[in-house]
Amino acid sequence: MKVAAIAGSIREDSYNNMLLENIKERFNGKFDLDIIKIDKLPLFNQAEELDPPEIVKTFKNQIADYDAVLISTPEYNWSVPGVLKNSLDWLSRGERPMIGKPVMIVGASISLMGTIRAQMDLRRILSAPGLSARVLEPAKSEVLITQAHEKFDENGKLTDEATQDAVDRAVNNFHEMVSG
Ligand SMILES: Cc1cc2nc3c(=O)[nH]c(=O)nc-3n(C[C@H](O)[C@H](O)[C@H](O)COP(=O)(O)O)c2cc1C
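Residues numbered from 1 in each chain as written. Predicted model: local features only at pLDDT ≥ 70, side-chain atom pairs only at ≥ 80, totals over all residues. Heavy atoms only, no water.

The name an unreviewed UniProt entry gives the protein chain is NADPH-dependent FMN reductase, with Lentibacillus amyloliquefaciens as the organism. What UniProt states about the protein chain under its Sequence similarities (unreviewed entry) heading is, verbatim, "Belongs to the azoreductase type 2 family." (UniProt positions renumbered as here; feature names shortened; annotations may be inferred.)

Here it is, written out as structure tokens:
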């Protein structure tokens, strides 16, 4: 099963990227997971939506090729980071590879809120007509990592057992959804 993973943070030491790396390594064999970078995508321009820059075409074709998409998002000012929204705006116009695509949302934040507001907004965005993704329901995918700086070690390994259990449960539910 081929899964495209997108981190909503482009920061080098991003906890959200660490979470994706953790899932990639732990579920190797079950998922063929690639982390797709969105940091070089230009800002969305509606005038170019039907004939976007080459890098955007490549990104959209990549996403189309995957069976499913995993998004790990931080929360910026109570919502999703602009860089993530920008990538979704490109995916929502012209060729629309997200329609019907199975998606799972996870997130890590250094605060006590664990990206709850960002994840709720992301669900709403992914249900817009141009995206219309098939998002794994919250009850099956609740990975809201609070105080992320205490849950990963200096090598980026997830060290918190309860968090790892929640991640494992959610990822197994996602696997079931995509293969079912
Ligand atoms: C511009 C900005 C706004 C932020 N707003 C929020 C917020 O609304 N809620 C929250 O929990 N954390 C907020 N944070 C803190 C992030 O959760 C924290 O920086 C997190 O580590 C970012 O994810 P990353 O480690 O994947 O880069 C904000 C950080 C930045 C830079």
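Turning next to helix 2 (residues 54–65). Taking 1.5 Å as the rise per residue, helix 2 with 12 residues should run 16 Å; its terminal C-alpha atoms sit 17 Å apart, in good agreement. Among the residues making up helix 2, those that are buried are Val56, Phe59, Lys60 and Ile63. Along the axis of helix 2, the buried positions cluster into a sector of 95 degrees, meaning they face one direction only. Looking at helix 2, the residues exposed on the side facing more than 90 degrees away from the buried face are Glu54, Asn61 and Asp65. At its buried positions, helix 2 is contacted by strand 1 (2–7), strand 3 (68–72) and helix 3 (82–91). (Helix = DSSP H or I, 4+ residues; strand = E, 2+ residues; numbered from the N terminus. Expected span 1.5 Å × (residues − 1). Buried < 20%, exposed > 50% of the residue type's maximum accessible area, 1.4 Å probe, protein only. Arc of directions from axis to C-beta. Contact = heavy atoms within 4.5 Å.)

As a further point, take the pairing of strand 2 (residues 32–35). Here strand 1 runs beside strand 2; their pairing, made up of 4 bridges, is parallel. By the bridge assignment, alanine 4 is partnered in strand 2 with aspartate 34. The parallel pair strand 1 and strand 2 is bridged by helix 1 (residues 15–26), and the resulting crossover is right-handed. (Pairing = 2+ DSSP bridges. Right-handed = clockwise from strand over helix to strand, strands pointing away.)

Bringing the site of the ligand into the picture now. Lining the immediate environment of the ligand, one finds 14 residues, of which Ser9, Arg11, Ser14, Asn16 and Ser111 sit closest. Between the ligand and the protein, one listed contact pairs a nitrogen atom with a side-chain N or O atom of glutamate 75 at 2.9 Å. Measuring from a nitrogen atom of the ligand, one finds a backbone N or O atom of asparagine 77 at 2.8 Å. Alone, the ligand offers 620 Å² of accessible surface; in the complex the protein occludes 75% of this. Tallied by class, residues from the shell around the ligand come to 5 nonpolar, 6 polar and 3 charged. (Near = heavy atom within 4 Å. Polar contact = N/O pair within 3.5 Å; in protein donor to acceptor, adjacent residues only side chain to side chain. Areas by Shrake-Rupley, 256 points an atom, 1.4 Å probe, with all protein chains shown as cover. Nonpolar A, V, L, I, M, F, W, Y, C, P; charged D, E, K, R; others polar.)

Now for the pairing of strand 1. Most of strand 1 sits out of view: 5 of its 6 residues are buried. For strand 1 and strand 3, the ladder comprises 5 bridges, and the chain directions are parallel. Considered in strand 3, the bridge of alanine 5 is made with leucine 70.

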